Amino acid sequence: SVQFYNQTRNSSTREMSEINCRKGENVKKNKPTDSTDPDSPSKKTSFQIQQRYKRKLSIILATLTFLNLIAGSIYVWKFYLQDPPPPYNIVNDYETWSIGENDVFARKAADGAKPLLIKGSVANRWYAMKQWNVDYLEKKVNTLSHVYVNTNKWFGPYYDSNKPFTPFVARRNPYKDDVTMKSADFFSHIKTKGEEQDMYLYYTGGIGSIGHWALADVQPIQEFISLKPDHNSINVWLGEPEVITHMHYDGYHNFYVQIQGRKKFTVFSPSEWKHLYPYPYLHPHHAQAQVNISNVNDTDKFPFIAKATGMEITLGPGDLLYLPPLWFHHVEALETSISVNVWSDSEQTPTVNKLFSNRIPVYEED
């Protein structure tokens, strides 16, 4: 019996051990995963997801930063580096004629009464067209009188001290217009212009003012003076890059020949006068615009400039521009420039002179 008891006990013990082992295996199989265990599959999956989100977020932030830099660069270029758009309208609907050197053109151009760009004119036969440049004129010209000198590139508006309102009106842009210079100094300056400077030079005068020989260099010129052979003037224009002639109008037919360099004319019809704010006739700045279209800072003061419509005409060597009387024009030298023009009286000039020669009645109180 004792032996039977021991056998039974050992058998039961083995069975309990087997049962406990099986339970332990079941518990181990069914045991929930510990989320704090770094080696657990769920922990690894969550970590990988976080890493993927971080990478995507980094890519998004880098892309936004890049786009922001591009947008900032475009803004700076558009509003600070690029020339701002003009505050007026430009419609370049002028005509361009291509003619032969022996063709007549003056009367037909004047009858059209609109600005006209002419290519191939007789001016291309001039000796001046072939020989005039800064070095040539420096050797031929001794002295230049009445040189315009300014601390900025804007020459204008012209000041007529003979006008009645002169005692009451200060000069708007006090540049000098009576400086005498050695030609070597003048031409050396305009051909060695630097990026920054405190003096700008500009010269205009009758063609004989640079020497008696100069008129022979612009022959034949008969066609240019044919509108008024007895009432005209031939003038020379010399200037460095960027100098500007203020917006104004003339009472003459103007045939303007570009010999060296390039110039840009911005022109407006006489009908645009109300948008350009011309000074009255008795004002020292008469026949000129109050608004400076190269630097319109005060658009509140000149609101109608936004309604003005003009044309931009760029001249190169050999080009001829015809400008009718009373057309407003603003001129900018794009390069060192040499030009010759012919002014001829318009058909209305005698009538205008007669009108303004009449005495104004003045009544004095007793």
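A.B. asks: Which residues make up the side chain of N150, and what values go with them?
C.D. replies: Mapped onto the elements, N150 comes out in strand 4 (residues 143-150). Of the residues examined, N150 reaches a relative accessible area of 6% and is grouped as buried. A polar contact of 2.9 Å, which involves the side chain of N150, links it to the backbone oxygen of W154. In this structure N150 touches F155, N173, Y175, D198, M199 and Y200, once residues within four positions along its chain are discounted.

A.B. asks: Any details on the nonpolar core? Residues and values, ideally.
C.D. replies: Counting residues in each nonpolar core, the largest one holds 46 residues, and the members touching the most others are W126, W132, F186 and F224. If we ignore the near neighbours within four places in the chain, the residues touching W132 are Y127, L137, I207, I210, W213, A214, D217, V236, I259, Q260, I338 and V340. L117, Y256, I313 and W343 belong to the second-largest nonpolar core, a separate cluster that totals 20 residues.

A.B. asks: Can you break down the pairing of strand 12 (residues 309-315) residue by residue, with the values?
C.D. replies: When strand 1 (residues 89-90) meets strand 12, the two strands line up parallel, connected through 2 bridges. Among the inter-strand pairings, I90 is bridged to a residue of strand 12, identified as G310. As paired elements, strand 11 (residues 263-268) and strand 12 share 6 bridges and run antiparallel to each other. Bridge pairing in strand 12 links T266 to E312.

A.B. asks: Explain the sheet that holds strand 4 to me, and be specific about the residues and the numbers.
C.D. replies: Ordered by their spatial adjacency, 9 strands build an open sheet running 2-3-13-10-15-8-7-4-6, and the pairing between neighbours is mixed. Whereas interior strands pair on both sides, the edge strands pair on one side only; in this sheet they are strand 2 (95-98) and strand 6 (176-182). Adjacent strand axes in the sheet meet at a mean angle of 25° when their direction is disregarded. When strand 4 meets strand 7 (residues 200-206), the two strands line up antiparallel, connected through 3 bridges. If you follow Y148 over to strand 7, its bridge partner there is Y202. Of the strands in this sheet, strand 4, strand 6, strand 7 and strand 8 (232-239) are in contact with helix 6 (residues 183-191), which crosses strand 6 at around 105°.

A.B. asks: Explain the confidence of the model for the protein to me, using residue names and the numbers behind them.
C.D. replies: Predicted coordinates in areas of low pLDDT are best not read in detail. Mean pLDDT for the protein: 84, with 81% of residues reaching 70 or above. Ignoring residues within four places in sequence, the model shows residues 1-5, a span with pLDDT below 50, making 0 contacts including any to other chains. Confidence drops under pLDDT 50 across residues 75-82; counting only partners more than four residues distant or on other chains, this segment forms 3 contacts.

A.B. asks: Quick rundown of the sheet that holds strand 9 (residues 244-248)? Include the residues and the values.
C.D. replies: If you walk across this open sheet you meet the 6 strands as 1-12-11-14-9-5, and the pairing is mixed. Edge strands, defined here as strands with exactly one partner in the open sheet, are strand 1 and strand 5 (154-155).

A.B. asks: Any details on a nonpolar patch on the surface? Residues and values, ideally.
C.D. replies: Residues L57, I60, L61, L64, F66, L67 and I70 make up a contiguous nonpolar surface patch of roughly 680 Å² in combined accessible area. Positionally, L61 belongs in helix 2 (residues 41-81).

The rules behind the values
- Throughout, a residue's number is its position along its own chain's written sequence, starting from 1.
- In keeping with the model being predicted, local features are shown solely for residues with a pLDDT of at least 70 and side-chain atom pairs are shown and tallied solely at 80 or more, while totals for entire chains, interfaces and linings include all residues.
- Hydrogens and water molecules were not included; the side-chain quantities draw on all heavy atoms of the structure.
- Counting from the N terminus, the helices are the DSSP runs of H or I reaching at least four residues and the strands are the DSSP runs of E reaching at least two.
- Relative accessibility decides the category of a residue: with a 1.4 Å probe and only protein chains considered, values under 20% of the type maximum give buried, values over 50% give exposed, and everything between is partly exposed.
- Any pair of N or O atoms that falls within 3.5 Å is considered a polar contact. Within protein, one atom must be able to donate a hydrogen and the other to accept it, and sequence-neighbouring residues count only if both atoms are side-chain atoms.
- Any two residues whose heavy atoms approach within 4.5 Å are treated as being in contact.
- We call a set of buried residues a nonpolar core when its members are Ala, Val, Leu, Ile, Met, Phe, Trp, Tyr or Cys and they connect through side-chain atoms within 4.5 Å of each other.
- The pairing criterion for strands is at least two bridges between them, as found by DSSP.
- Comment: axis = line fitted to C-alpha atoms, over the contacting stretch for helices; angle = value between 0 and 180 degrees taken between N-to-C directions.
- Every residue carries a pLDDT, the predictor's confidence in it, which falls somewhere between 0 and 100.
- Candidates for patches are residues over 30% relative accessible area with no salt bridge; among them, like charges are joined within 9 Å and nonpolar side chains (Val, Leu, Ile, Met, Phe, Trp, Tyr) within 5 Å.
- Methods summary: accessible areas were calculated by the Shrake-Rupley approach with a probe of 1.4 Å, and residue burial reflects only the protein chains presented.
- One speaks of a salt bridge when a side-chain nitrogen belonging to Lys or Arg is within 4 Å of a carboxyl oxygen belonging to Asp or Glu.

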